[in-house]
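# Secondary and tertiary structure notes
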Amino acid sequence: MQEKLQTIGRLFLNRVELSDSSNSIGWIEDDNLNFYTYKDYKAIIESLALGLIENGLAPGDKIAILANTCKEWHCIDLSSLCSKAVVVPIYNSYLPTEISYIINHSETSILCVENTEQFKKILEIQDQLPKIKFLVSFAEIESELKNQLKDIVTITYKELLLQGGELIKINP
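Read on for a plain summary of the structure. The model shown is predicted, which means the values in this text are computed figures rather than measured ones. (Residues numbered from 1 in each chain as written. Predicted model: local features only at pLDDT ≥ 70, side-chain atom pairs only at ≥ 80, totals over all residues. Heavy atoms only, no water.)

### Here's the deal with the overall build of the chain
What counts here: Runs of H or I in DSSP of at least four residues are treated as helices and runs of E of at least two as strands, each being numbered from the N terminus. Computation of the radius of gyration draws on C-alpha atoms, with the globule rule given as 2.2 Å multiplied by the number of residues to the power 0.38. Relative accessibility thresholds used throughout: buried, under 20% of the residue-type maximum; exposed, over 50%; partly exposed, between the two (1.4 Å probe, protein chains only). Here, two residues are considered to be in contact whenever any of their heavy atoms come within 4.5 Å of each other. A residue counts as positive if it is Lys or Arg and as negative if it is Asp or Glu; His and the chain ends are not included. Positions of charges follow a simple convention, taking NZ of Lys, CZ of Arg, CG of Asp or CD of Glu.
When its secondary structure is counted, the chain shows 7 helices and 7 strands. Starting at the N terminus and ending at the C terminus, the chain contains elements arranged as α-β-β-α-β-α-β-α-β-α-β-α-β-α. For the chain, the C-alpha radius of gyration of 17 Å lies close to 16 Å, the compact-globule estimate for 172 residues. Considered along the principal axes of its C-alpha atoms, the chain spans approximately 50 × 45 × 35 Å. A total of 172 residues make up the chain; the buried ones form 43% of that total. Residue pairs at least 24 apart in sequence account for 61% of intrachain contacts in the chain once pairs closer than 6 positions are excluded. Across the chain, the mean location of the 16 positive side-chain charges is 6 Å away from that of the 24 negative side-chain charges.

What follows is the structure in structure tokens.
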């Protein structure tokens, strides 16, 4: 008898089944400790994964995350891995030239940025990033800045989450 492969996705689903109402990951926001239950955590990961797939993520694709460690970073990471993608972490302290090198060398096609500061780095090097077709920002980016980005579709993390959630409603 052949054993099932233990993938990160399967391990995650097994953990959710064990205790879906228990606290999973936590974070501090406004001096308060917050948690997702495993049930909520799973819904977020599924929604993000479906949103990413809907926007072009395919197995084996590379998705870069240019951000400080945060719950959004973690959720994009896990949803990407569950979608059979490869995550390319990029330190938020890197210079635009270093970011360009990593993105191009890894052949990344989807990029996630934390905030306006990181978005501005991408604006500076956008002509050097021919493979990037889709960008997710964890924070809202001013329209004036977003409009300066050429040939790259940009949405927020919240919009991606909602988009994936709508796909779940259509096809549970």
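That was the structure; now back to the text.
### Here we look at the side chain of Thr108
Note the cut-off: In the analysis that follows, any N or O atom pair within 3.5 Å is treated as a polar contact, provided that within protein one partner can donate a hydrogen and the other can accept it, and provided that, for residues neighboring in sequence, both atoms belong to side chains.
If you trace the backbone, Thr108 turns up in the loop between helix H4 (96–106) and strand E5 (110–113). For Thr108, a relative accessible area of 0% translates into the label buried. Of the polar contacts made by the side chain of Thr108, one reaches the side chain of Ser106; its length is 2.7 Å. Discounting chain neighbours no more than four positions away, the residues touching Thr108 are Lys62, Ile63, Ala64, Val88, Ile103, Lys131 and Ile132.

### Remarks on the environment of Lys120
Mapped onto the secondary structure, Lys120 falls in helix H5 (residues 116–125). Assessed through its relative accessible area of 46%, Lys120 is described here as partly exposed.

### Quick word on the layout of surface pockets
In this approach the atoms are scanned with a rolling probe the size of a water molecule, which exposes any empty space left behind. Keep this limit in mind: Cavity means a closed set of points on a 1 Å grid over the protein atoms alone, one where a 1.4 Å probe fits but cannot get out, pocket means an open set with protein on both sides within 12 Å along at least 5 of 7 lines, and lining means a residue has an atom within 4 Å of a point. Grid points are joined across faces, edges and corners, and a volume is the space filled by probe spheres set on the points. Throughout, the ten residues Ala, Val, Leu, Ile, Met, Phe, Trp, Tyr, Cys and Pro are labelled nonpolar, Asp, Glu, Lys and Arg are labelled charged, and all others, Gly among them, are labelled polar.
Quantified by volume, the largest pocket comes out at close to 390 Å³. Of all the secondary-structure elements, those providing two or more residues to the lining of the largest pocket are helix H1 (8–18), helix H2 (38–54) and helix H3 (71–82). For the lining of the largest pocket, the element with the highest residue contribution is H2, accounting for 6 residues. When its residues are assigned to classes, the lining of the largest pocket shows 9 nonpolar, 3 polar and 4 charged.

### Thoughts on the nonpolar core
What counts is decided by this rule: Definition used in this section: a nonpolar core is a set of buried Ala, Val, Leu, Ile, Met, Phe, Trp, Tyr and Cys residues joined via side-chain atoms within 4.5 Å.
Tyr41, Cys75 and Ile76 are the most contacted members of the largest nonpolar core, which has 29 residues in total. Not counting residues up to four positions away in its chain, the partners in contact with Cys75 are Ile25, Tyr36, Tyr41, Ile44, Ile45, Leu48 and Tyr157. In this structure, Ala64, Ile103, Leu111 and Leu123 belong to the second largest nonpolar core, which totals 19 residues.

### Here's the deal with unusual backbone geometry
A positive phi angle is found at Glu107, which is not glycine, with a value near 60°. Considering the arrangement of structural elements, one finds Glu107 in the loop between H4 and E5. In this structure Glu107 comes out as partly exposed when scored by relative accessible area, which is 47%. One non-glycine residue, Asp151, lies in the positive phi region at around 60°. Note on placement: Asp151 falls in the loop between helix H6 (143–146) and strand E7 (153–156).

### Considerations on the pairing of strand E3 (residues 62–66)
The criterion, for reference: Paired strands, as defined in this entry, are two strands with at least two bridges between them according to DSSP. Crossover handedness is defined by viewing with both strands directed away from the observer: a clockwise path from the first strand over the helix to the second marks the crossover as right-handed.
Taking burial as the measure, the 5 residues of E3 include 4 buried ones, the bulk of the element. By the bridge criterion, 5 bridges tie E3 to strand E4 (residues 86–90) in an arrangement that is parallel. Bridging across to E4, Ala64 finds its partner in Val88. Regarding the hand of the β-α-β motif, the stretch spanning E3, H3 and E4 is right-handed.

Read these as geometric descriptors, not functional statements.
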